Amino acid sequence: MDAGLQLQEGLEALIEKEQNQFNKLIITKLFTSINNGKSFSDALSDIKVVFSQMFIAVIKASETTGNLSATLSRYAKHLEEVEAIKKKLISALIYPSTVLFFGFIVILFLISFVVPRFSNIYGSQVEKLSWPTQLLLSSGNFFADYGLIVLVATISLGLIFFKKYSQERKIF
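So, a few notes on the structure that sits alongside this text. (Residues numbered from 1 in each chain as written. Predicted model: local features only at pLDDT ≥ 70, side-chain atom pairs only at ≥ 80, totals over all residues. Heavy atoms only, no water.)

## A look at a nonpolar patch on the surface
- On the surface, Leu148, Leu151, Val152, Ile155 and Leu159 cluster together into a nonpolar patch covering about 510 Å² of accessible area.
- Here Leu151 lies in helix α6 (residues 131-166).
- Judged by its relative accessible area of 45%, Leu151 is partly exposed. (Patch = residues over 30% accessible without salt bridge, like charges linked within 9 Å, V, L, I, M, F, W, Y side chains within 5 Å. Areas by Shrake-Rupley, 256 points an atom, 1.4 Å probe, with all protein chains shown as cover. Salt bridge = Lys/Arg side-chain N within 4 Å of Asp/Glu carboxyl O. Helix = DSSP H or I, 4+ residues; strand = E, 2+ residues; numbered from the N terminus. Buried < 20%, exposed > 50% of the residue type's maximum accessible area, 1.4 Å probe, protein only.)

Encoded structure:
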């Protein structure tokens, strides 16, 4: 846009250069809609699956002010800043997540394998033990008996959750 190209010319150049078929299809739809007389924001609105409401609103406002080129540059900078913050956040969370994960594995191991052995030792004295100890022994026995089922269910739910929320991301 800053090179003096019209929107249609810019989209046409992007169609020719784009290697990714999905992106090429989206750009082609935008190009066709704009050539059919729709505004850029209306063309984006037709593809809400890809473009966020915020992006469409920003484009609509820039069309009103006639400052599309500067708005697109600012929005691109905003997206770069958001992406940089995401990367920093992810890198900051890697160590605590790893520690929590391995801590959880150690606790699960202790509850599943070590506690049931103590359960055998205290088997006849269960009524004499305090309720937190009884709870610990019961949970250890539960995980020893049903731990594999709990593990498979947890992994399945995690995968379903990840798949559901990873598909809802928009490009812009």
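Text resumes after the structure shown.
## Details of the packing of helix α4 (residues 53-65) against helix α5 (residues 68-121)
- Here α4 crosses α5 at 155 degrees, and the two axes come no closer than 9 Å. One element, α4, and the other, α5, form an angle in the roughly antiparallel class. Between α4 and α5 lies a crossing of right-handed hand. Contact residues: α4 offers Met54, Phe55, Val58, Ile59 and Ser62, while α5 offers Leu68, Thr71, Leu72, Tyr75 and His78.
- The residue inventory of the contact of α4 with α5, partitioned by class, reads 7 nonpolar, 3 polar and no charged. (Axes fitted to C-alpha atoms, helices over the stretch in contact; angles between N-to-C directions. Parallel < 35°, antiparallel > 145°, perpendicular 65-115°, else oblique. Left-handed = near helix turned anticlockwise from the far one by under 90°. Contact = heavy atoms within 4.5 Å. Nonpolar A, V, L, I, M, F, W, Y, C, P; charged D, E, K, R; others polar.)

## Topic: the nonpolar core
- Ranked by size, the top nonpolar core spans 19 residues in total, and within it Leu11, Leu30, Phe40, Leu44 and Phe51 carry the most contacts.
- Of all the elements in the fold, those that place two or more residues in this core are α1 (7-17), α2 (21-35), α3 (40-45), α4 and α5.
- At 5 residues, the largest contribution of residues to this core is made by α2.
- Setting aside residues no more than four positions away along its own chain, Leu44 makes contact with Leu30, Phe51, Phe55, Ile56 and Ile59. (Core = buried A, V, L, I, M, F, W, Y, C linked by side-chain atoms within 4.5 Å.)

## Comments concerning the packing of α1 against α2
- Where α1 meets α2, the axes come as close as 9 Å, and the angle between the chain directions of the two elements is 155 degrees. In terms of their interaxial angle, α1 and α2 are classed as roughly antiparallel. Regarding α1 and α2, the two cross each other, and that crossing is left-handed. Facing Leu7, Gln8, Leu11, Glu12, Leu14 and Ile15 of α1, the residues of α2 in contact are Lys24, Ile27, Thr28, Leu30, Phe31, Ile34 and Asn35.
- Its residues assigned to classes, the contact of α1 with α2 comprises 8 nonpolar, 3 polar and 2 charged.

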